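# Fold and geometry: a report
Each chain is listed here by its residues.
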Amino acid sequence: MSQAHVATAHHAEPGKLDDYYQTLKSENLGPLWVSLKGLVPSEPRPKAVPHAWEYAKVRPRLLQAGELITAEEAERRVLVLENPGLPGVSQITDTIYAGLQLILPGEVAPAHRHSQSALRFVIEGTGAFTAVDGERTTMHPGDFIITPAWTWHDHGSAADAPVVWMDGLDVPLVRFLGTGFREEYHDNAQIITRPEGDSDARFGSGLLPLDACSTHTSPIFNYPYDRTRDALHRLTRSGDPDPRHGYALRYVNPTNGDWAIPTIATSMRLLPASFSTKPYRSTDGAVLVLVEGNLTARVGDIAFELDAKDVLAIPAWTEHTFEASEDAVFFMYSDRPVHEKLGLWREQKG
Ligand code: 1HN
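None of the values given here were measured: they were computed from a predicted structure. (Residues numbered from 1 in each chain as written. Predicted model: local features only at pLDDT ≥ 70, side-chain atom pairs only at ≥ 80, totals over all residues. Heavy atoms only, no water.)

On to unusual backbone geometry. The backbone phi angle of S90 is positive, close to 55 degrees, even though this residue is not glycine. Tracing the chain through its elements places S90 in the loop between β2 (78–80) and β3 (97–103). Look at S90 and you get partly exposed, because its relative accessible area is 24%. Although it is not a glycine, S274 sits at a positive phi angle of roughly 70 degrees. Residue class for S274 comes out exposed when judged on its relative accessible area of 63%. (Helix = DSSP H or I, 4+ residues; strand = E, 2+ residues; numbered from the N terminus. Buried < 20%, exposed > 50% of the residue type's maximum accessible area, 1.4 Å probe, protein only.)

Below, the structure written as structure tokens:
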């Protein structure tokens, strides 16, 4: 029997093949030749789609939540930003969680801890605080605040108006790895053991305690916006912006030079008025929060006009450009550190 004859014979009996696949299934076996291309795609195919949330539309929904449920009842009074391509799974990209949290004057969001890492990016209002491992920090718009994995944290507000921040967590990643744990504190608020500003004094000025060791997560608790903004503006005096990223600075863990959070890359960028970035894509999926100015963002084949406080999801490996008509400042976070640590990160400069 020739080789050609064998091949023809196999194709001639599809019913037999279907029976065979059914048998395999019942025996918990599967033919790789059917699934191979899906398992090893020619390039990343994120489920997330490009999408923007207008703060002007989300804010009234948050305030409604404020009338319907207290922060304490809710534990965390948050509206999750659900990517339209990933309904019902609390994901803004394929690996990242994002939500907007509201706290009203005098409220408390009770203390707990979990193995997921969190960031807070303050959107609106001054005077709420978060406490982590015995220290409090006061929130101001544009501040980037860290809750490291497995640290006790609670939030409260001494403000006289609503305070809103964005929560960014590695929830989908931790879920995929099956490494999620949580624990409740025995009281609503944790005991404060260190004065406000303690972490900043020890780690926040380009100095470290003499015997400081490398830590997974940055020991800097709050990277205040006024310092970040000032650094970006000073950069504009001494050189051109990067063609793809504008003036861009990443938040760093001062104990080892790593990203501030081991699973989440965080950065702040400034695009000068009339500047347009060149096309770019990378394997990490990102979330952008516009802090100042306005921005035209083109992600894949969709254009978004963003105002301050709007949020944009940029799926993995999706080409994008930004254009600012006036000076624009924006915060970004992504799963880039995980890609880098596993040798998987790629970028493409268009
Ligand atoms: C969490 O602990 C907070 O502590 C916010 O404020 C959002 C989303 C998923 C899981 C834990 C918080 C969260 C969260």
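From this point on, the discussion continues.
The five strands are arranged β7-β6-β9-β4-β11 in an open sheet whose pairing can be described as antiparallel. Edge positions in the sheet fall to β7 (135–138) and β11 (182–184), since each has one partner strand and no second. Direction aside, neighbouring strands of the sheet carry axes that sit 25 degrees apart on average. For strand β4 (residues 108–114) and β11, the ladder comprises three bridges, and the chain directions are antiparallel. Bridging from a neighbouring strand, H114 pairs with R182 of β11. (Pairing = 2+ DSSP bridges. Axes fitted to C-alpha atoms, helices over the stretch in contact; angles between N-to-C directions.)

Time to look at the packing of aromatic side chains. Following the criterion strictly, the structure yields eleven aromatic pairs and no others. Geometrically, the ring pair formed by F331 and Y333 is tilted, given 6.1 Å between the ring centres and 40 degrees between the ring planes. Take F331 and Y333: they sit in the same class, and that class is buried. By way of ring pairs, the aromatic residues F121, F144, Y223, Y251, F331 and Y333 are connected into one cluster. (Phe/Tyr/Trp six-rings, centres within 6.5 Å; stacked < 30°, edge-to-face > 60°.)

Moving on to the site of the ligand. The environment of the ligand is formed by R76, Y97, Q101, H112, H114, R120, H153, H155, D167, L169 and V171. Here an oxygen atom of the ligand and a side-chain polar atom of Q101 are 3.0 Å apart. Contact with the protein chains removes 84% of the 330 Å² of surface that the ligand exposes when unbound. Of all the secondary structure elements, the ones that give two or more residues to the shell around the ligand are β3, β4, β9 (153–157) and β10 (163–169). Residues that form the shell around the ligand fall into these classes: three nonpolar, five polar and three charged. (Near = heavy atom within 4 Å. Polar contact = N/O pair within 3.5 Å; in protein donor to acceptor, adjacent residues only side chain to side chain. Areas by Shrake-Rupley, 256 points an atom, 1.4 Å probe, with all protein chains shown as cover. Nonpolar A, V, L, I, M, F, W, Y, C, P; charged D, E, K, R; others polar.)

Attention now moves to helix α2 (residues 14–26). Taking 1.5 Å of rise per residue, 13 residues should cover 18 Å, and α2 covers 19 Å from first to last C-alpha, within 8% of that figure. A positive phi of about 55 degrees marks N28, the residue just after α2. (Expected span 1.5 Å × (residues − 1).)

It is worth spelling out the pairing of β7 at this point. Residues E135 and T137 of β7 are buried on one face, while the alternating residues R136 and T138, pointing to the opposite face, are not. Here strand β6 (residues 128–132) runs beside β7; their pairing, made up of four bridges, is antiparallel. Looking across to β7, one finds that F129 is bridged to T138. What sits between β6 and β7 in their antiparallel hairpin is a turn of two residues, with D133 showing a positive phi close to 45 degrees.

Of the pairings in the sheet, the one linking strand β17 (residues 295–299) to strand β18 (residues 302–306) comprises five bridges and is antiparallel in character. For L295, the partnering residue across the bridge sits in β18 and is L306. Hairpin connection between β17 and β18: a loop of two residues separates the two successive antiparallel strands, and G300 in this loop has a positive phi of roughly 60 degrees.

This brings us to a nonpolar patch on the surface. Nonpolar side chains collect at one region of the surface, where L17, Y20, W33 and V34 lie side by side and expose about 450 Å² of accessible area between them. Contributing elements (two or more residues each) for the nonpolar patch: α2 and α3 (32–39). You can see W33 is positioned in helix α3. For W33, a relative accessible area of 58% translates into the label exposed. (Patch = residues over 30% accessible without salt bridge, like charges linked within 9 Å, V, L, I, M, F, W, Y side chains within 5 Å. Salt bridge = Lys/Arg side-chain N within 4 Å of Asp/Glu carboxyl O.)

It is worth spelling out the environment of Q116 at this point. Tracing the chain through its elements places Q116 in the loop between β4 and β5 (118–124). Exposure remark for Q116: the relative accessible area of 15% places this residue in the buried category. Along the primary structure Q116 and F181 are separated by 65 residues, whereas in three dimensions their C-alpha atoms are 8.1 Å apart. Aside from chain neighbours lying at most four places away, what touches Q116 is A149, L169, D170, V171, V174, G180 and F181. (Contact = heavy atoms within 4.5 Å.)

What follows concerns the environment of H51. Turning to its location among the elements, H51 is positioned in strand β1 (residues 51–53). Between the alpha carbons of H51 and T318 there is a distance of 12 Å; along the sequence they are 267 residues apart.

Here six strands make up an open sheet; going across it, the order is β1-β19-β16-β21-β14-β13 and the pairing antiparallel. Only two strands of the sheet have a single partner each, and these edge strands are β1 and β13 (247–250). Neighbour-to-neighbour, the strand axes of the sheet open up by a mean angle of 20 degrees, direction not taken into account. Of the strand pairs in this sheet, β13 and strand β14 (residues 265–271) are connected by four bridges, and their pairing is antiparallel. Bridging across to β14, L249 finds its partner in M268.

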